[in-house]
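The residues making up each chain are set out below.
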Amino acid sequence: MDHISAARWTGAAARRGTVEGVESERDDRALVAAARAGDADAFAEIVARHRRVVYQVCYRFVNDPDAAADLVQETFVRAWRGLDRFRGGSALSTWLFRIAINVCLNRRAAEQPPHDVLEAQQLEDASAESPDRRLIRAERARRVRRAIAALPDRQRATVILRVYHGLSHREIAATLGSSVGATKANLFHALTKLRKMLGSEP
Amino acid sequence: MRHLTSDEMIDALDGTLTGARARHLQHCATCRDQLADVEALIGTLRSVGVPDPPAALMARVSATVRAAIEADTSRARPAPWLAWRLLVPSGALVVVVAALVSTLAARAPLPTTAPGSEHAAMIADTEHTPELDAEASWRLLGALVAESDPTTLSQAGILAPAGLAGSIDRVVIDLTPQEQAELMRLLREELDGTGG
């Protein structure tokens, strides 16, 4: 069972993408150093490299492409202005996640009604599936997103960072300004609520 | 029999549950079922992905961020001592001082004990060195600025007029040693370029 559990989280870490790789980290550090010196092109490269994964964090918070894009923009502008505060103690992507989550929490944009654009796009993308299967998948996705959106902000942030982006409890605690114990408790309570909301959804 | 706490359940999900509590999990069907339910839930959550954002949306993100950065950059002012508005007149002052010191140093030695003439003593000291002594020059510069008529200095482009932010005399005198060294280097380049 431990193997299964560990594999789940390991998979999440892998989903953080190649930006977490050693080579990319070295490149990120060089880009950060150049950007700190005022090189706007270097920062543009950072944006191009990380905007997609930051978008995923924001999208899961607000369930709306345009609102998520606005949050991504604000995240990177804040990152530019706060580059001197990035000490390199964590991956650049983790630092950007922290900013993104705080932008999301501050904006409280998740309170906006969720859109169903995702379902439409998934239907278009899943052309190989049968219509029935696509409908079932779209409905499941809608229920999951609405359940996550119904969580309290900090629990939602914890689920997004841990389940979807594989941040450690320590990193999440640092992001939310709480303790590791509180982060674990947040995650457990969030999962319990989600299980109730989603019932026996397979 | 005590079942797993919420912390321990998360540890079990992480694969970090050890010792007696891990052994409990192995033998407790209730805890194993609960863990299996949570794992299934996580699988369900992860089955819901985020589609790739439209390329146009990402392009908009990059363009907007770039514009914000450029706006920031254009608003940002250079370090006060590097602003040309200040550096040029400040440099002119040092050039004048340097020329004055060189001229005086080439003449006969001045009496170093001339009454009330600390500046002359400073200048006389420079006679013994082939190049300007930086520390003596700065002391002389500070003394000249401090004791000169502000109107005259202002008309000469040395002292900022009243109301101009960042008075030049303070900018020059309050420079750190590193900034002074950099300014001296620039001035030496300037002097070399003009045959000074």
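For clarity, every value in this text was computed on a predicted model and none was experimentally measured. (Residues numbered from 1 in each chain as written. Chains lettered and ligands numbered in written order. Predicted model: local features only at pLDDT ≥ 70, side-chain atom pairs only at ≥ 80, totals over all residues. Heavy atoms only, no water.)

Observations regarding the pattern of salt bridges
Per the stated rule, a full pass over the model turns up 17 salt bridges over all chains. Here Arg 81 of chain A makes a salt bridge to Asp 72 of chain B, at a shortest N to O gap of 2.7 Å. Remark: Asp 72 of chain B occurs in helix H4 (residues 55-75) and Arg 81 of chain A occurs in helix H4 (residues 65-81); the pair is interchain, linking two chains. Notably, a salt bridge pairs Arg 21 of chain B with Glu 8 of chain B, separated by 3.2 Å at the nearest N-O pair. With Arg 21 of chain B in helix H2 (residues 19-27) and Glu 8 of chain B in helix H1 (residues 6-14), this residue pair connects regions lying 13 residues apart in the sequence. Exposure class is identical for Arg 21 of chain B and Glu 8 of chain B. Each is buried. Three or more residues joined by partner-sharing salt bridges are found here, namely Asp 28, Glu 45 and Arg 49 of chain A. (Salt bridge = Lys/Arg side-chain N within 4 Å of Asp/Glu carboxyl O. Helix = DSSP H or I, 4+ residues; strand = E, 2+ residues; numbered from the N terminus. Buried < 20%, exposed > 50% of the residue type's maximum accessible area, 1.4 Å probe, protein only.)

Let's talk about unusual backbone geometry
Despite not being glycine, Asn 63 of chain A has its phi angle at roughly 55°, a positive value. Note that Asn 63 of chain A resides in the loop between helix H3 (40-62) and H4.

Structural notes on helix H3 (residues 29-46) of chain B
For H3 of chain B, built from 18 residues, the straight-helix expectation of 26 Å at 1.5 Å per residue is met to within 8% by its first-to-last C-alpha distance of 26 Å. Turning to H3 of chain B, its buried residues number three or more, namely Cys 31, Leu 35, Val 38, Glu 39, Leu 41, Ile 42, Thr 44, Leu 45 and Arg 46 of chain B. (Expected span 1.5 Å × (residues − 1).)

Observations concerning the environment of Leu 167 of chain A
With respect to the helices and strands, the residue Leu 167 of chain A is situated in the loop between helix H8 (153-164) and helix H9 (169-176). In this structure Leu 167 of chain A comes out as buried when scored by relative accessible area, which is 0%.

Observations regarding the environment of Gly 88 of chain A
All names here are of chain A. Note that Gly 88 resides in the loop between H4 and helix H5 (92-107). Gly 88 gets classed as partly exposed once you look at its relative accessible area, which sits at 39%. Considering only alpha carbons, one finds Gly 88 and Arg 29, 59 residues apart in sequence, at a separation of 7.6 Å.

What about the interface of chain A and chain B?
Interfaces are frequently sized by the accessible area removed from exposure as the parts join. Between chain A and chain B, the contact holds 54 residues from the first and 45 residues from the second. At the boundary of chain A with chain B, total buried surface from both sides reaches about 4,400 Å², with 63% on carbon and sulfur atoms. Between the two partners, chain A and chain B, sit eight salt bridges. We note a salt bridge from Asp 66 of chain A to Arg 60 of chain B, for which the minimum N-O separation is 3.8 Å. In this assembly, chain A and chain B are joined by 14 residue pairs in polar contact (both at pLDDT 80 or more). The set of elements that each furnish at least two residues to the side of chain A that touches chain B consists of helix H1 (2-15), H3, H4, helix H6 (117-125), helix H7 (131-149), H8 and helix H10 (180-198) of chain A. The greatest single-element share of the side of chain A that touches chain B, amounting to 11 residues, is contributed by H3 of chain A. A class-by-class count of the residues in the side of chain A that touches chain B yields 31 nonpolar, seven polar and 16 charged. (Contact = heavy atoms within 4.5 Å. Buried area = accessible area lost by both parts, 1.4 Å probe. Polar contact = N/O pair within 3.5 Å; in protein donor to acceptor, adjacent residues only side chain to side chain. Nonpolar A, V, L, I, M, F, W, Y, C, P; charged D, E, K, R; others polar.)

Examining the packing of H9 of chain A against H10 of chain A
Residues and elements named next belong to chain A. H10 packs onto H9 with a crossing angle of 100° between their chain directions and a minimal axis gap of 8 Å. Viewed along their axes, H9 and H10 adopt a mutual orientation that is roughly perpendicular. Residue-level contacts link His 169, Arg 170, Ile 172 and Ala 173 of H9 to Val 180, Thr 183, Lys 184 and Leu 187 of H10. Split by residue class, the contact of H9 with H10 holds four nonpolar, two polar and two charged. (Axes fitted to C-alpha atoms, helices over the stretch in contact; angles between N-to-C directions. Parallel < 35°, antiparallel > 145°, perpendicular 65-115°, else oblique.)

Comments concerning the packing of aromatic side chains
Residues and elements named next belong to chain A. The full count for this structure, using the stated rule, is four aromatic pairs over all chains. Seen in terms of ring centroids, Phe 43 and Phe 76 are 6.4 Å apart; in terms of plane orientation they differ by 80°. Their pairing is edge-to-face. Of this pair, Phe 43 sits in helix H3 while Phe 76 sits in helix H4, and the two are 33 residues apart along the sequence. Exposure class is identical for Phe 43 and Phe 76. Each is buried. With centroids separated by 5.1 Å and ring planes inclined at 45°, the aromatic side chains of Phe 86 and Trp 95 adopt a geometry described as tilted. We classify Phe 86 as buried; its relative accessible area is 7%. Assessed through its relative accessible area of 11%, Trp 95 is described here as buried. Feature note: the residues Phe 43, Phe 76 and Trp 80 constitute an aromatic cluster, connected by ring pairs. Sitting above the plane of the Tyr 164 ring, Arg 60 keeps its charged end 3.4 Å from the centroid. (Phe/Tyr/Trp six-rings, centres within 6.5 Å; stacked < 30°, edge-to-face > 60°. Lys NZ or Arg CZ within 6 Å of the ring centre and 35° of its normal.)

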